[in-house]
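The lines below spell out each chain.
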Amino acid sequence: MELFERLTRRAKENPRRIVLPEGTEQRNLEAADLILAEGLAEIILIGSEAEINEKAKDLNLANIHKATIVDPADPAVIDKYAPLFFELRKKKGISMEDARKTTAKVLYLGALMVKAGDADGMVSGAINTTGDVLRAAFQVIKTAPGIDTVSGAFLMILPKDSPYGSDGLMVFADCAVVPDPDAKQLAQIAVCSAKTAKEVAGIDPRVALLTFSTKGSAKHERVDKVIEATALAHEMDPSLQLDGELQADAAMVPVVASLKAPKSDIAGKANVLVFPSLEVGNIAYKLVQRLAGVQAVGPLLQGLAAPVSDLSRGCNAHDIYKTIIMTANQAIHEN
Ligand code: ACO
């Protein structure tokens, strides 16, 4: 079964509550309408009820009435969530007045709804930047137990005849968040990526930590970082199928693996690639997407205490629809 067919079926069987902070925006409304029409999630739209209803009418969206609307201009909403934000950030020296102002910002309100247990996940970023979406998530939802670094993975949907990955899928990370991870952060990225591969892609993860050296072929402090990260990731989860340091060809191509890393259980069959920095990860996924006709889906934020997905500002309604389905699937695993 195709990835999205599988994810859609699961979302429908286990409907989750997804909050859309950019709830008055056209693409968000169109995506919400489709999700509600198909019963794939419960939708919470943040924004003015009058504006949402008027736009829904103009756009002929027949299902928006099924959404819950939360208006950030409603003092009762701010009264409900500002104390939670104040509690979370009081150590940073904020006042209750600051907390009320921040709570009225749609990204923070969405994150606070997730934190309060009133939503299971959040999808945003059609208008707001990645940095703004991430900061709201970091400050409010925070990280999952045992993790202090959030990262961003892409599901790479390979062409049908591709010999790589599993079931036509690979996971690439970090392609979106941590500019220059240290060994501990890289280890966490590896462990979280395995979780994403298992829970969202539905594949049995075989994780390779990549660099420009395979098993001692080059000496450099950046190679040392990847070796250390591999050891730390093993410590974090000894059951993981994971190896490093590997070059990309040794990680993926059996004949190269047999020459460069004959003792590795992962070399030649990796389906999760962990990149040593954001520069490499971000460039790699974009090159593979453009040059190899691979569909890149994401970024899926991993390592948060509850799922949040960041959209590209160039996204269309169908991208948002798919992201809501993926986020709902992440939420199924969190509960
Ligand atoms: N995981 C968890 N928490 C984090 C992380 C992280 N990776 N990074 C920062 N934080 C927390 C900090 O601990 C801090 O928490 P606190 O306020 O409670 O003390 C808070 O977030 C803000 O930290 P700053 O260091 O001030 O973070 P900053 O705002 O400088 O940047 C950001 C964070 C936005 C994620 C930054 O790392 C960034 O811009 N990354 C690149 C994002 C990007 O542009 N990606 C490429 C585009 S996406 C794409 O192409 C798919």
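Read on for an overview of the structure. Only a predicted model underlies this, so the values are computations on that prediction, with no experimental measurement involved. (Residues numbered from 1 in each chain as written. Predicted model: local features only at pLDDT ≥ 70, side-chain atom pairs only at ≥ 80, totals over all residues. Heavy atoms only, no water.)

Let's talk about the overall build of the protein chain
Across its full length, the protein chain holds 13 helices and eleven strands. Expected size for 335 residues packed as a compact globule is a radius of gyration near 20 Å; at 21 Å, the protein chain falls within 12% of this value. With the C-alpha coordinates of the protein chain rotated into their principal frame, the extents come out at 65 × 45 × 30 Å. Put simply, the protein chain has 335 residues, and 54% of those count as buried. Considering only contacts within the protein chain whose residues lie at least 6 apart along the sequence, 73% involve residues at least 24 apart. For the protein chain, the computed accessible surface area is about 14800 Å², with 52% contributed by carbon and sulfur atoms. (Helix = DSSP H or I, 4+ residues; strand = E, 2+ residues; numbered from the N terminus. Rg over C-alpha atoms; globule rule 2.2 N^0.38 Å. Buried < 20%, exposed > 50% of the residue type's maximum accessible area, 1.4 Å probe, protein only. Contact = heavy atoms within 4.5 Å. Areas by Shrake-Rupley, 256 points an atom, 1.4 Å probe, with all protein chains shown as cover.)

Details of the pattern of salt bridges
Counted according to the given criterion, the structure contains 13 salt bridges. In this structure, Lys-55 engages Glu-51 in a salt bridge whose closest nitrogen and oxygen atoms are separated by 3.2 Å. Of this pair, Lys-55 and Glu-51 are both found in helix 3 (residues 49-58), four residues apart, which corresponds to roughly one turn of the helix. Its relative accessible area of 29% is what places Lys-55 among the partly exposed residues. (Salt bridge = Lys/Arg side-chain N within 4 Å of Asp/Glu carboxyl O.)

Thoughts on a nonpolar patch on the surface
Taken together, the side chains of Ile-283, Leu-287 and Leu-291 present a nonpolar region at the surface, about 340 Å² in accessible area. The class of Leu-287 is partly exposed, set by a relative accessible area of 46%. (Patch = residues over 30% accessible without salt bridge, like charges linked within 9 Å, V, L, I, M, F, W, Y side chains within 5 Å.)

Notes on the packing of helix 4 (residues 75-89) against helix 6 (residues 106-115)
Axis separation between helix 4 and helix 6 bottoms out at 10 Å; the angle between their running directions is 80 degrees. The angle between helix 4 and helix 6 places the two elements in the roughly perpendicular class. Listed contacts from helix 6 to Val-77, Tyr-81, Leu-84, Phe-85 and Leu-88 of helix 4 are Tyr-108, Leu-109, Leu-112, Met-113 and Lys-115. In the contact of helix 4 with helix 6, the residues fall into nine nonpolar, no polar and one charged. (Axes fitted to C-alpha atoms, helices over the stretch in contact; angles between N-to-C directions. Parallel < 35°, antiparallel > 145°, perpendicular 65-115°, else oblique. Nonpolar A, V, L, I, M, F, W, Y, C, P; charged D, E, K, R; others polar.)

Some points on unusual backbone geometry
With an omega of -20 degrees, the peptide bond between Ala-173 and Asp-174 qualifies as cis. Here Asp-174 is to be found in the loop between strand 6 (169-173) and helix 8 (183-201). With omega at -10 degrees, the peptide bond leading from Gly-244 into Glu-245 counts as cis. Residue placement: Glu-245 occurs in strand 8 (residues 242-246). You will see that Asn-60, though not glycine, has its phi angle at about 60 degrees, which is positive. Within the secondary structure, Asn-60 is located in the loop between helix 3 and strand 3 (68-70). By relative accessible area, Asn-60 is classed as exposed at 68%.

So, the site of the ligand
The environment of the ligand is formed by 19 residues, the closest being Arg-89, Lys-92, Arg-135, Val-150 and Ala-176. Between an oxygen atom of the ligand and a side-chain N or O atom of Arg-89, the distance comes to 2.8 Å. In this structure, an oxygen atom belonging to the ligand sits 2.4 Å away from a side-chain N or O atom of Arg-135. When the ligand sits alone it has 1000 Å² of accessible area, and the protein chains cover 59% of it. The set of elements that each furnish at least two residues to the shell around the ligand consists of helix 7 (130-141) and helix 12 (278-291). Broken down by element, the residue count for the shell around the ligand peaks at five residues, all from helix 7. For the shell around the ligand, the per-class residue count stands at ten nonpolar, four polar and five charged. (Near = heavy atom within 4 Å. Polar contact = N/O pair within 3.5 Å; in protein donor to acceptor, adjacent residues only side chain to side chain.)

Some words on the state of the cysteines
In total, this model carries zero disulfides according to the counting rule given. Here Cys-175 is not cross-linked by a disulfide; its sulfur's nearest cysteine counterpart is in Cys-192, at 14 Å. By relative accessible area, Cys-175 is classed as buried at 1%. Judged by its relative accessible area of 6%, Cys-192 is buried. (Disulfide = S-S within 2.5 Å.)

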